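So you can see what is in the structure, the chains are spelled out below.
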Amino acid sequence: MPSISSKGNLMPQSPIRKLVPYAENAKKKGVTVFHLNIGQPDIKTPQVALDAVKNNSIEVLSYARSEGSETYRNKLSDYYAKNDITVNANDIIVTTGGSEALLFTIGSITDPGDEIIIPEPFYANYNGFSIASGVNVVPVISSIDDNFALPKIEDFEKLITPKTKAILICNPGNPTGYLYSKEEIEKLKQIVLKHDLFLIADEVYREFAYDGATHHSVMKEDGLEQHAIMIDSVSKRYSMCGARIGCIVSKNQDFIQTAIKFAQARLSPPTYALIASEAALDTPQSYFDDVIEEYVERRNTLIAELQKIEGVKVANPKGAFYCVAELPIADADDFAQWILEHFQHNNQTVMVAPASGFYSTKGEGKNQVRIAYVLNKEDLKRSVEILKLALEAYQK
């Protein structure tokens with residue numbers, strides 16, 4: 001029989017999606033599953049985006065430009081200008097989700113065997129994207145004890161080799177919800193300039209900053225023009241995960257022109273999704289104000305309820321809509337599957353994402369889970385109640 005590739009065998013399963021069959025089996029038995037495992041907001045998509053598709057009179061659904069329509073990229077640059085980020089349409093490539101933006105970026109700046117340093121825990125697909133490109137992830141571990149703050153610069157310095165091409169961060173962070181300060185971004189700036197590296201910032205959660213904190217984009221930093229690459233997406237900002245529209249932003253034109261070749265090879269982003277995403281840029285600020293207020297209340301509810309469970313340690317997120325919780329168990333992967341297969345309370349159960357899949361260091365995160373607070377407050381309270389009862393039953 002023909003053999004599967006080495007990188008195919010190395011591709012990790014998604015910690016977010018690998019337990020879906022167990023959840024589906026539970027649902028077939030009539031069990032209600034509260035999904036804490038995936039960042040799929042229940043917030044309504046802006047009506048202006050839905051109407052743009054619904055009321056469109058397209059007669060031929062044709063290809064879009066490989067880099068995305070000029071009108072959309074111009075409107076994107078206006079949106080960034082409101083966030084004190086000065087770029088033009090030629091600094092932007094529209095992609096099929098933030099995922100493709102990351103794939104194009106890694107493909108454009110690395111060769112097989114090169115290395116990218118990433119603070120962990122990190123978005124699980126960074127592992128998969130790197131493996132697909134033959135690139136090695138070099139993790140630098142952050143700790144739940146200090147809310148997953150940026151590791152010391154010395155920890156980065158000792159990992160840099162001639163094979164190092166970039167540092168990659170997610171800000172605000174998935175899965176931790178950590179929001180990097182301006183001082184932390186400036187520390188990263190110093191190290192990438194010193195070692196002539198790229199600084200890739202996945203900023204898809206930029207709007208979700210809480211408690212009066214401010215998001216600091218790498219694109220605002222003077223002197224990083226040839227080093228900074230920003231990844232963005234409409235998925236979370238407008239609750240448009242199914243649109244699959246993201247983008248790459250950089251002032252480094254050598255990089256942009258290289259990434260365009262990857263974009264041309266996959267032809268174009270989806271036309272209807274581009275129309276919806278362009279229209280979404282007209283979403284009023286009041287939409288975001290309401291969404292942020294709702295997420296702050298959900299976060300506060302979730303953290304307060306988790307802290308009531310004996311033996312649970314939880315980081316307090318300052319952005320995005322995730323938190324990492326450390327549970328009084330040895331193996332969160334086994335526990336997460338066990339809940340779906342063997343535990344229910346009043347015909348209800350919960351689905352969480354084992355955090356080990358958000359690490360590349362073997363053995364790290366084994367007793368941690370990522371929880372997405374994308375459910376309403378009452379469902380979050382009920383979910384944590386079920387989690388508490390499940391932990392008690394599992395430990396017995």
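Scroll up to find the structure this text is about.
Presented here is a report on the structure given in the accompanying data block. (Residues numbered from 1 in each chain as written. Predicted model: local features only at pLDDT ≥ 70, side-chain atom pairs only at ≥ 80, totals over all residues. Heavy atoms only, no water.)

Looking now at a nonpolar patch on the surface. Taken together, the side chains of V53, L61 and Y272 define a hydrophobic patch exposed on the protein surface, amounting to about 240 Å² of accessible area. Note that Y272 resides in helix α10 (residues 271–280). (Patch = residues over 30% accessible without salt bridge, like charges linked within 9 Å, V, L, I, M, F, W, Y side chains within 5 Å. Areas by Shrake-Rupley, 256 points an atom, 1.4 Å probe, with all protein chains shown as cover. Salt bridge = Lys/Arg side-chain N within 4 Å of Asp/Glu carboxyl O. Helix = DSSP H or I, 4+ residues; strand = E, 2+ residues; numbered from the N terminus.)

Let's shift gears to the sheet that holds strand β2 (residues 92–95). Spatially, the seven strands line up as an open sheet ordered β2-β8-β7-β6-β5-β3-β4, and their pairing is mixed. The open sheet terminates on both sides in strands that have one partner only, identified here as β2 and β4 (136–141). Taking each pair of neighbouring strands and ignoring which way they run, the sheet shows an average axis angle of 20 degrees. Relative to strand β5 (residues 164–170), strand β3 (residues 115–120) runs parallel, the two sharing three bridges. Its bridge partner being in β5, I117 is matched across the sheet by I167. Sitting on the sheet, helix α4 (residues 70–82) touches β2, β7 (228–233) and β8 (246–249), and the angle it makes with β2 is about 115 degrees. Of the strands in this sheet, β2, β7 and β8 touch helix α9 (residues 253–265), which is tilted by about 25 degrees from β2. (Pairing = 2+ DSSP bridges. Axes fitted to C-alpha atoms, helices over the stretch in contact; angles between N-to-C directions. Contact = heavy atoms within 4.5 Å.)

Our next topic: the packing of aromatic side chains. Taken as a whole and assessed by the stated rule, the structure comprises 20 aromatic pairs. Each ring, one from F208 and one from F321, has its centre 5.4 Å from the other, and the planes form 75 degrees; the classification is edge-to-face. With a gap of 113 residues between them, F208 in the loop between β6 (198–202) and β7 and F321 in the loop between β9 (313–314) and β10 (322–326) connect regions that are remote in the sequence. The class for F208 is buried, based on a relative accessible area of 2%. (Phe/Tyr/Trp six-rings, centres within 6.5 Å; stacked < 30°, edge-to-face > 60°. Buried < 20%, exposed > 50% of the residue type's maximum accessible area, 1.4 Å probe, protein only.)

Within the element layout of this structure, D202 appears in strand β6. With no salt bridge to any partner, buried D202 finds its closest opposite charge in R237, at an N-O distance of 8.8 Å. Residues contacting D202, with those up to four places away along its chain left out, are L102, Y126, I169, C170, N171 and I231. (Lys, Arg positive; Asp, Glu negative; His and termini not counted.)

What follows covers the pairing of β3. Taken across its six residues, β3 has six buried, putting it largely inside the fold. Side-chain alternation along β3 places E115, I117 and P119 on one buried face and I116, I118 and E120 on a second face that is also buried. As a crossover connection, the stretch from β3 through helix α6 (residues 125–132) into β4 is right-handed. (Right-handed = clockwise from strand over helix to strand, strands pointing away.)

To continue, consider the sheet that holds β10. Strand pairing in a sheet relies on backbone hydrogen bonds, with the paired strands running either antiparallel or parallel. One open sheet holds the four strands; their spatial order is β9-β10-β13-β12, and the pairing between them is antiparallel. Every interior strand has two partners, whereas the edge strands, β9 and β12 (353–354), have only one. When β12 meets strand β13 (residues 368–372), the two strands line up antiparallel, connected through two bridges. Counted as the bridge partner of A353 is R370 from β13. Along the sheet, helix α11 (residues 285–306) makes contact with β9, β10 and β13, crossing β10 at roughly 5 degrees.

The end-to-end C-alpha distance of helix α8 (residues 182–195), which contains 14 residues, comes to 20 Å, matching closely the 20 Å that a straight helix rising 1.5 Å per residue would cover. Buried-residue contacts for α8 involve α7 (153–157), β5 and β6. Trailing α8 by a residue or two, D196 shows a phi angle of about 55 degrees, which is positive. (Expected span 1.5 Å × (residues − 1).)

This brings us to the pattern of salt bridges. Applying the stated rule across the entire model yields 28 salt bridges. The salt bridge partner of K158 is D155, with a shortest N-O separation of 3.8 Å. Since its relative accessible area comes to 25%, D155 is described here as partly exposed. Within the structure, one salt-bridge network assembled from shared partners comprises D42, E294, E297, R298 and K377.

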